[in-house]
Amino acid sequence: VNECSIIGSGGSTPLESCQAVWGGSSNSTSALIFQNGSLLPNGQTYSGQDDTTIEQATPTTNLGAEVTLTSKGGSNRRHVLMRWDLSSVYELTTVQHACMVLNVADPSGSSYPAYEVYGSWYEMQATWNLENSRSAWEVPGAWGVNDAGSTPVAAIPANASGRVYIKLDPVMVQHWVNFNGTNHGIIIGNNSSYNGVSVWSGEAPAASNRPMLVLGL
């Protein structure tokens, strides 16, 4: 198991900050933390977080190496795909709470919901048209009923800036832990908003800006 890597600022740990998001129902006293570049207890560096922007205007272009991710609606829609590899977590681990930590590089006046992804996408292959080099999305932009769920599992709040702690559906994450093959992460999108939001990606130069997943145990 990847045990808790303590990364935080202002004297608080990610677990303490996420507990504030989870509210009074949280009794988690330990956490597993996943962020590219974080040092694991075994001395290795975690590198299992993948993400990419997929863009309507460039439907065959992969953007997996970009240091920021942008989601927006309007005439040139963009969606963000994001996933953390949890295969090292013992499958009987009980996830009480889940929280993702994003660093907003360019805020939006609109909220941007996230949905569970069903398609088997790859960071360096996914485009607006394709989930991987061999398979197309059911609907371009990963917006079909077989591409992603229709019920939000989280959301980037409107006007969020800097480091944002976002509650993530623990039932979904528990399923990822129990059945690793179902973990295709999330897609962030709001097709009705022309005011896009940008966050730092797993390739961000500053490791502290990279997306983080916190599991409260």
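Remember, it's a predicted structure, so these values are computed and weren't measured experimentally. (Residues numbered from 1 in each chain as written. Predicted model: local features only at pLDDT ≥ 70, side-chain atom pairs only at ≥ 80, totals over all residues. Heavy atoms only, no water.)

(A) The overall build of the chain, seen in detail. The helix and strand inventory of the chain stands at 2 helices and 11 strands. Starting at the N terminus and walking to the C terminus, you meet the elements of the chain as α-β-β-β-β-β-β-β-β-α-β-β-β. Taken over C-alpha atoms, the radius of gyration comes to 16 Å for the chain, in line with the 17 Å a tight globule of 217 residues would show. Counting only C-alpha atoms, the chain reaches 45 × 35 × 30 Å along its principal axes. By the burial criterion, 51% of the 217 residues in the chain qualify as buried. (Helix = DSSP H or I, 4+ residues; strand = E, 2+ residues; numbered from the N terminus. Rg over C-alpha atoms; globule rule 2.2 N^0.38 Å. Buried < 20%, exposed > 50% of the residue type's maximum accessible area, 1.4 Å probe, protein only.)

(B) Just the state of the cysteines, in detail. Inspection of every chain in the model, using the stated rule, returns 1 disulfide. Through a disulfide, C18 is tied to C99; the S-S separation comes to 2.4 Å. Torsion about the S-S bond of the C18 and C99 cystine: about -70°, corresponding to left-handed handedness. Placement of the pair is C18 in helix α1 (residues 14-22) and C99 in strand β5 (residues 97-106), with a sequence separation of 81 residues. The residues C18 and C99 share a single accessibility class, namely buried. (Disulfide = S-S within 2.5 Å.)

(C) Focus on the packing of aromatic side chains. Evaluated as defined, the whole model comprises 2 aromatic pairs. Between Y115 and W143, the aromatic rings sit 5.8 Å apart at their centres with planes inclined by 85°, giving edge-to-face as the arrangement. Of this pair, Y115 sits in strand β6 (residues 112-116) while W143 sits in the loop between β6 and β7 (154-156); the two residues are 28 residues apart in sequence, bridging distant segments of the chain. (Phe/Tyr/Trp six-rings, centres within 6.5 Å; stacked < 30°, edge-to-face > 60°.)

(D) Region of interest: the sheet that holds strand β2 (residues 49-55). Read from one edge to the other, the open sheet built from 5 strands follows the order β2-β4-β9-β6-β7, with strand pairing classed as antiparallel. Across the chains shown, the open sheet's two edge strands, defined by having one partner strand only, are β2 and β7. When strand polarity is set aside, the average angle formed by the axes of neighbouring strands in this sheet is 25°. The pairing of β6 with strand β9 (residues 186-188) spans 3 bridges and is classified as antiparallel. Looking at the pairing, A114 lines up with I188 of β9. (Pairing = 2+ DSSP bridges. Axes fitted to C-alpha atoms, helices over the stretch in contact; angles between N-to-C directions.)

(E) Structural detail: helix α2 (residues 170-178). If you check which residues of α2 are buried, you get M172, V173, Q174, W176 and V177. Looking at the buried residues of α2, the elements they touch are β5, β6, β8 (162-168), β9 and β11 (212-216). The N-capping residue of α2, defined by a side-chain oxygen 3.1 Å from the backbone nitrogen of V171, is D169. (Contact = heavy atoms within 4.5 Å. Polar contact = N/O pair within 3.5 Å; in protein donor to acceptor, adjacent residues only side chain to side chain.)

(F) The environment of P152, seen in detail. Looking at the element boundaries, P152 is found in the loop between β6 and β7. Separated by 10 residues in the primary sequence, P152 and A142 place their C-alpha atoms 15 Å from one another. Beyond its immediate chain neighbours, meaning those up to four positions away, P152 contacts P113, A114 and Y115.

(G) The arrangement of the confidence of the model for the chain in detail. Looking at the chain, pLDDT values average 91 and 93% of them are 70 or higher. For the stretch residues 1-11, pLDDT sits under 50, and the model shows 29 contacts to residues farther than four places along the chain or on other chains. (pLDDT = per-residue confidence, 0-100.)

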